Amino acid sequence: EAQVTQNPRYLITVTGKKLTVTCSQNMNHEYMSWYRQDPGLGLRQIYYSMNVEVTDKGDVPEGYKVSRKEKRNFPLILESPSPNQTSLYFCASSTRQNEKLFFGSGTQLSVL
Amino acid sequence: QQQVKQSPQSLIVQKGGISIINCAYENTAFDYFPWYQQFPGKGPALLIAIRPDVSEKKEGRFTISFNKSAKQFSLHIMDSQPGDSATYFCAASLYGQNFVFGPGTRLSVLP
């Protein structure tokens with residue numbers, strides 16, 4: 001089954017404790033991206049990647065890191081999480097620009 | 001200039017009625033305008049999309065109307081059904097890389 005898999009589904013952590021949210025797709029997509037969803041603000045892009053070893057900032061990259069060492073994986077790293085990073089996070093992928101985005105099921109992160 | 005505005009914030013429609021959600025953008029470089037549908041606990045899923053060289057696109061009960069000169073586009077859901085109750089996001093893509101989403105519209109269709 002074609003899908004984007006995010007883990008974990010739920011995560012509660014404390015301020016400053018490094019964490020990684022994993023994202024994997026099995027569709028051989030070149031393009032991958034991360035979004036955060038907050039009430040009243042919609043989805044805001046954090047980082048995106050056009051292909052392996054190619055990443056770029058989205059609209060809200062501060063406090064986040066990403067890497068794209070393999071085509072299928074695009075982890076999101078929070079080196080020192082803060083409470084304002086409490087949000088619902090989505091990973092997405094597509095074959096190329098301006099094509100249908102396939103979203104994962106989301107990761108609900110709470111930073112205490 | 002990157003912002004996409006969306007209205008209304010919430011919408012209640014009777015079964016069989018027409019649901020209309022409007023979006024507006026500023027950046028004329030946007031070249032792809034999708035609508036995504038999101039059910040609670042799920043990720044958004046593409047519903048329908050349009051490119052600026054077309055004024056209207058219809059897929060079943062869902063229609064996008066696009067007004068390039070006004071920099072506006074809208075989603076029309078005909079014969080709305082309770083199963084259409086979800087949050088809808090309009091979006092615009094800049095150079096095929098950076099997707100900008102509207103804040104979302106929560107649609108409730110009453111039986």
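Residues numbered from 1 in each chain as written. Chains lettered and ligands numbered in written order. Predicted model: local features only at pLDDT ≥ 70, side-chain atom pairs only at ≥ 80, totals over all residues. Heavy atoms only, no water.

The next thing to look at is the side chain of Thr63(B). Residue placement: Thr63(B) occurs in strand β7 (residues 62–67). Not counting the four nearest positions on each side in its chain, Thr63(B) is found in contact with Ile48(B), Glu56(B), Lys57(B), Lys58(B), Ser74(B), Leu75(B) and His76(B). (Helix = DSSP H or I, 4+ residues; strand = E, 2+ residues; numbered from the N terminus. Contact = heavy atoms within 4.5 Å.)

Side-chain positions along a regular strand alternate between the two faces of the sheet. Residues and elements named next belong to chain B. Most of strand β9 (residues 86–94) sits inside the fold, with nine of its nine residues counted as buried. Burial along β9 is two-sided: the residues Ala 86, Tyr 88, Cys 90, Ala 92 and Leu 94 and Thr 87, Phe 89, Ala 91 and Ser 93 are all buried. When strand β4 (residues 30–38) meets β9, the two strands line up antiparallel, connected through six bridges. Residue pairing across strands places Gln 37 opposite Tyr 88, the latter belonging to β9. Pairing geometry for β9 and strand β11 (residues 105–110), over three bridges, is antiparallel. For Ala 86, the partnering residue across the bridge sits in β11 and is Leu 107. The pairing of β9 with strand β10 (residues 98–101) spans four bridges and is antiparallel. Looking across to β10, one finds that Ser 93 is bridged to Phe 99. (Buried < 20%, exposed > 50% of the residue type's maximum accessible area, 1.4 Å probe, protein only. Pairing = 2+ DSSP bridges.)

Using the criterion set out here, one finds two disulfides over all chains in the structure. A disulfide bridge connects Cys23(A) with Cys91(A), and the sulfur atoms are separated by 1.9 Å. An S-S torsion of about -70° defines the bridge between Cys23(A) and Cys91(A) as left-handed. In this pair, Cys23(A) sits in strand β3 (residues 19–25) while Cys91(A) sits in strand β9 (residues 87–94), placing the two residues 68 residues apart along the sequence. Taking relative accessible area as the criterion, Cys23(A) reaches 2% and is therefore assigned buried. In this structure Cys91(A) comes out as buried when scored by relative accessible area, which is 0%. Residue pairing for Cys23(B): its cysteine sulfur links by disulfide to Cys90(B), the two sulfurs lying 1.9 Å apart. Across the S-S bond linking Cys23(B) and Cys90(B), the dihedral sits near -95°, which makes this disulfide left-handed. Here Cys23(B) is found in strand β3 (residues 19–25), whereas its partner Cys90(B) is found in strand β9, with 67 residues between them in sequence. (Disulfide = S-S within 2.5 Å.)

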